[in-house]
Amino acid sequence: MKEHDIRIHFIRISSNFSGQRIDNFLYTYLKVAPKSMIYRIIRIGAIRVNKKRIKFQYKLQIGDLLRIPPIRGIKINRFNKKYTEEIAFLQNIIIYEDDYLLALNKPTGVAAHGGSGLKFGVIEGLRALRPKTQFLELVHRLDRETSGVLLVAKKRTALVYLHEQLRLQNMKKEYLALVHGRWDANLQIVSAPLFKKNTLLNSSRVVCIDSEKGKFSTTHFQVKEHFDSVATLLTIKPITGRTHQIRVHTQYASHPIVGDNRYGNYQSNTRFKRFGFNRLFLHASILRFIHPNTKKDFYIHAPLSQSFHNCLFFLRNLSIKSYDCLLENIIKNIDNLK
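A brief look at the structure comes next.

Conventions we followed
Residues numbered from 1 in each chain as written. Predicted model: local features only at pLDDT ≥ 70, side-chain atom pairs only at ≥ 80, totals over all residues. Heavy atoms only, no water. Helix = DSSP H or I, 4+ residues; strand = E, 2+ residues; numbered from the N terminus. Buried < 20%, exposed > 50% of the residue type's maximum accessible area, 1.4 Å probe, protein only. Contact = heavy atoms within 4.5 Å. Areas by Shrake-Rupley, 256 points an atom, 1.4 Å probe, with all protein chains shown as cover. Salt bridge = Lys/Arg side-chain N within 4 Å of Asp/Glu carboxyl O. Arc of directions from axis to C-beta. Pairing = 2+ DSSP bridges. Axes fitted to C-alpha atoms, helices over the stretch in contact; angles between N-to-C directions. Phe/Tyr/Trp six-rings, centres within 6.5 Å; stacked < 30°, edge-to-face > 60°. Lys NZ or Arg CZ within 6 Å of the ring centre and 35° of its normal. Lys, Arg positive; Asp, Glu negative; His and termini not counted. Polar contact = N/O pair within 3.5 Å; in protein donor to acceptor, adjacent residues only side chain to side chain. Parallel < 35°, antiparallel > 145°, perpendicular 65-115°, else oblique. Left-handed = near helix turned anticlockwise from the far one by under 90°. Nonpolar A, V, L, I, M, F, W, Y, C, P; charged D, E, K, R; others polar.

Considering the overall build of the protein
- Scanning the protein for helices and strands turns up nine helices and 18 strands.
- When burial is assessed residue by residue, the protein has 46% of its 338 residues classed as buried.
- Relative to all contacts within the protein whose residues are 6 or more apart in sequence, the contacts with residues 24 or more apart total 65%.
- Just so you have it, the protein exposes about 18,700 Å², and 49% of that area is on carbon and sulfur atoms.

A short note on the pattern of salt bridges
- Applying the stated criterion across every chain, the model contains 11 salt bridges.
- In this structure, R127 engages E137 in a salt bridge whose closest nitrogen and oxygen atoms are separated by 3.1 Å. Separated by 10 residues along the polypeptide, R127 in helix 4 (residues 122-129) and E137 in strand 9 (residues 137-138) bring together distant segments of the chain. Here R127 matches E137 in class, with each residue buried.
- Residue R288 pairs with E174 through a salt bridge whose shortest N-O separation is 3.5 Å. Within this pair, whereas R288 is found in strand 17 (residues 282-290), its partner E174 is found in strand 11 (residues 172-180), the two being separated by 114 residues in sequence.
- Residue E174 is classed as buried on the basis of its relative accessible area of 15%.

Describing helix 1 (residues 22-29)
- Turning to helix 1, its buried residues number three or more, namely I22, D23, F25 and L26. For helix 1, the buried positions fall inside an angular range of 160 degrees around the axis, keeping them on one side.

So, the sheet that holds strand 1 (residues 9-12)
- An order of 1-5-3-4 is seen for the four strands of this open sheet, with the pairing classed as antiparallel. The sheet is open, and its two borders are formed by strand 1 and strand 4 (52-53), each paired with just one other strand.
- Both strand 1 and strand 5 (residues 65-68) contribute to a ladder of four bridges, which runs antiparallel. Bridge assignment links H9 to a residue of strand 5, and that residue is I68.
- Sheet contacts for helix 1: strand 1 and strand 5; angle to strand 5, the most-contacted strand, approximately 55 degrees.

Let's talk about the packing of aromatic side chains
- Under the definition given, this model contains seven aromatic pairs.
- Here F281 and F308 contribute two aromatic rings whose centre-to-centre distance is 5.1 Å and whose plane-to-plane angle is 85 degrees, an arrangement assigned as edge-to-face. Note that F281 is positioned in the loop between helix 7 (266-274) and strand 17 and F308 in helix 8 (residues 306-316), a separation of 27 residues in sequence. Taken individually, F281 and F308 each receive the classification buried, so the pair is uniform in this respect.
- The rings of Y96, F289 and F298 are connected pair by pair, giving a single aromatic cluster.
- Here the basic side chain of K155 rests over the ring of Y100, its NZ or CZ set 5.6 Å away from the ring centre.
- Against the face of F281 rests R279, its NZ or CZ located 5.3 Å from the ring centre.

Section: the side chain of R279
- With respect to the secondary-structure elements, R279 resides in the loop between helix 7 and strand 17.
- One buried charged side chain, R279, makes no salt bridge at all; its nearest oppositely charged neighbour is E145, positioned 9.7 Å away.
- Here the side chain of R279 touches S305 through a polar contact of 3.0 Å, side chain to side chain.
- Of the polar contacts made by the side chain of R279, one reaches the side chain of S307; its length is 3.4 Å.
- Every residue in contact with R279, bar those within four places of it in the chain, is listed here: T108, E145, S147, V258, G259, S305, S307 and F308.

Some thoughts on the packing of helix 1 against helix 2 (residues 35-43)
- Two numbers describe how helix 1 lies on helix 2: the axes approach to 10 Å, and their chain directions differ by 125 degrees. Regarding the angle of helix 1 to helix 2, the classification is oblique. Between helix 1 and helix 2 the crossing geometry is right-handed. Between helix 1 and helix 2, the contacting residues are I22, D23, L26 and Y27 on the first element and K35, I38, Y39 and I42 on the second.
- For the contact of helix 1 with helix 2, the residue count by class is six nonpolar, no polar and two charged.

In structure tokens:
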């Protein structure tokens with residue numbers, strides 16, 4: 001449906017969309033349509049299923065005939081050709097794929113989904129690259145700044161099965177993070193309740209520790225490598241899956257993640273930026289789950305990016321003394337240029 005398309009669209013529902021609520025289906029199918037508009041066109045009866053009016057709670061069934069009327073200003077979720085080059089890289093970051101799911105090694109700086117002024121996210125890009133694929137849905141999400149394993153379901157049955165594992169906390173995630181300072185190896189568990197505040201920062205809500213309003217949250221930490229007192233590489237296993245959990249728990253432990261502009265230390269981050277390391281050093285390295293088809297244990301590993309490797313190489317070859325001297329020289333050079 002183009003912006004001024006006056007055609008009525010009919011969609012025959014396949015098994016991939018069976019069981020999905022009509023409002024959620026339309027929110028995905030109609031590009032940039034606000035939910036308020038979707039609820040309105042359902043409420044007034046503009047959306048019909050099998051020639052009948054339905055409510056927004058209606059769950060689609062196999063064989064349903066969905067009628068979508070022309071909606072001025074709203075386009076069906078297809079990509080403009082001018083973005084083809086921008087999304088072509090997605091094909092190159094797929095690290096696993098079968099008939100039921102695919103996994104990508106998402107780079108830092110790339111959103112999992114569009115919105116908040118972003119032209120596209122991973123899921124919108126994949127759908128544009130594969131217009132003949134009937135079903136592609138995110139199984140979970142990663143922060144835009146976080147790199148690593150991102151799982152996408154290719155069948156609705158797979159999505160439901162994987163979501164159930166998430167709900168029961170049977171899907172295990174493992175992260176690598178570089179944090180400021182020397183992490184105490186004895187500090188292996190952080191349990192602190194997290195609360196999502198109404199305050200907005202860069203269009204996102206801020207999460208904080210709140211013993212009264214917060215939800216129970218636990219994260220396991222293990223020291224993988226110390227870099228003197230400058231930084232520590234950690235293996236992290238979140239037990240619960242709260243928004244920004246790892247980032248807030250590391251901050252709570254007084255060792256925020258390097259490059260975290262939301263919960264981190266400005267001065268420490270600035271030092272790393274002066275050395276050319278300007279990213280959030282948090283990477284989703286391993287995802288373990290039961291495969292929706294084979295019903296066997298399955299895991300996916302996403303290698304570290306070159307930028308992460310470069311930072312680790314830099315730290316391994318830099319003693320405290322040389323770190324301070326090099327930083328002092330850089331600051332002097334900057335001052336001389338002023």
